[in-house]
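# Architecture at a glance
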Amino acid sequence: MRFVVSKLPSRILPASFLFAVSVVHLIARDREIPAENAQQDTLLDHPNWLAPYVPTPPEVIDAMLKLANVREADILYDLGSGDGRIIIRAAEKRKASTVGIEFDEELCNVARLAIREHHLEGRVRVIKGDILEQDLSEASVVTVYLLPKSLGKIAALLQTQLKKGARVLSVNDEIPGWKFTRRLDIRENSNGRNWRVFLYTIR
């Protein structure tokens, strides 16, 4: 895996997780397709549908957590948390308290199962709901992997609710109108796919 970090002046999975992932493959495998072609028929017509379910690889998650320097004192929110892999990994690897917000009830159930499997109930939780209707004010780190048009919808919410110094990580697309602090380019080992992560700091 190759990491390349750019700067601008500002503003593995554990073995026990495989069971939860297998459940995801059964109930959501048709959603695990490249973002540019993804369809999620049950939610497409909802006015606040923000992104398809496209899992983030463990190596990319680890790079994200390192880029934002996630620590035990942090409270990390993952907006569109899917099967819970980011919030679980942040809690296990970085000891952070984490919250996932997910609109799809099936994925929420998969995430909650995985949280129980990892005995992380006291540190990790999932909210079934609309990202645009949440209170994010306690978050010190926010992760997002949304459609480009959806990032514009949440930008004002993040800017208004997050405290100064909070870090925002966006996978593959920039947040419109924001200047990133750092950019990380990652080449995935398994298939050679290229990923980008943008780090922002609330000023």
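Residues numbered from 1 in each chain as written. Predicted model: local features only at pLDDT ≥ 70, side-chain atom pairs only at ≥ 80, totals over all residues. Heavy atoms only, no water.

### Here we look at the environment of Ile101
With respect to the helices and strands, the residue Ile101 is situated in strand 3 (residues 97–102). Along the sequence, Ile101 and Asp78 sit 23 residues apart, while their C-alpha atoms lie 6.3 Å from each other. (Helix = DSSP H or I, 4+ residues; strand = E, 2+ residues; numbered from the N terminus.)

### Observations concerning the side chain of Thr56
The residue Thr56 is located in the loop between helix 1 (18–28) and helix 2 (58–67) in this model. Residue class for Thr56 comes out buried when judged on its relative accessible area of 5%. (Buried < 20%, exposed > 50% of the residue type's maximum accessible area, 1.4 Å probe, protein only.)

### A few points about the confidence of the model for the protein
This prediction gives the protein a mean pLDDT of 83; 75% of its residues lie at or above 70. Every residue in residues 1–47 is under pLDDT 50, and counting partners more than four places away or in other chains gives 95 contacts. (pLDDT = per-residue confidence, 0-100. Contact = heavy atoms within 4.5 Å.)

### Some remarks on unusual backbone geometry
Glycine aside, residues mostly have negative phi angles, and peptide bonds mostly take the trans form. Unlike most non-glycine residues, His119 shows phi in positive territory, near 55°. According to the relative accessible area criterion, His119 is exposed, its value standing at 68%. Despite not being glycine, Asn172 shows a phi value in the positive range, around 75°. Inspection of the secondary structure assignment puts Asn172 in the loop between strand 6 (167–171) and strand 7 (182–187). On the accessibility criterion, Asn172 (11% relative accessible area) is buried.

### Remarks on the packing of aromatic side chains
Taken as a whole, this structure holds 3 aromatic pairs when the rule is applied. Note on Tyr145 and Trp195: the rings are 5.7 Å apart at their centroids and 65° apart in plane angle, and the pair reads as edge-to-face. With a gap of 50 residues between them, Tyr145 in the loop between strand 5 (141–144) and helix 5 (148–161) and Trp195 in strand 8 (residues 194–201) connect regions that are remote in the sequence. Taking the relative accessible area as the measure of exposure, Tyr145 reaches 16% and is therefore buried. What makes Trp195 buried here is its relative accessible area of 2%. Against the face of Trp195 rests Arg193, its NZ or CZ located 4.2 Å from the ring centre. (Phe/Tyr/Trp six-rings, centres within 6.5 Å; stacked < 30°, edge-to-face > 60°. Lys NZ or Arg CZ within 6 Å of the ring centre and 35° of its normal.)

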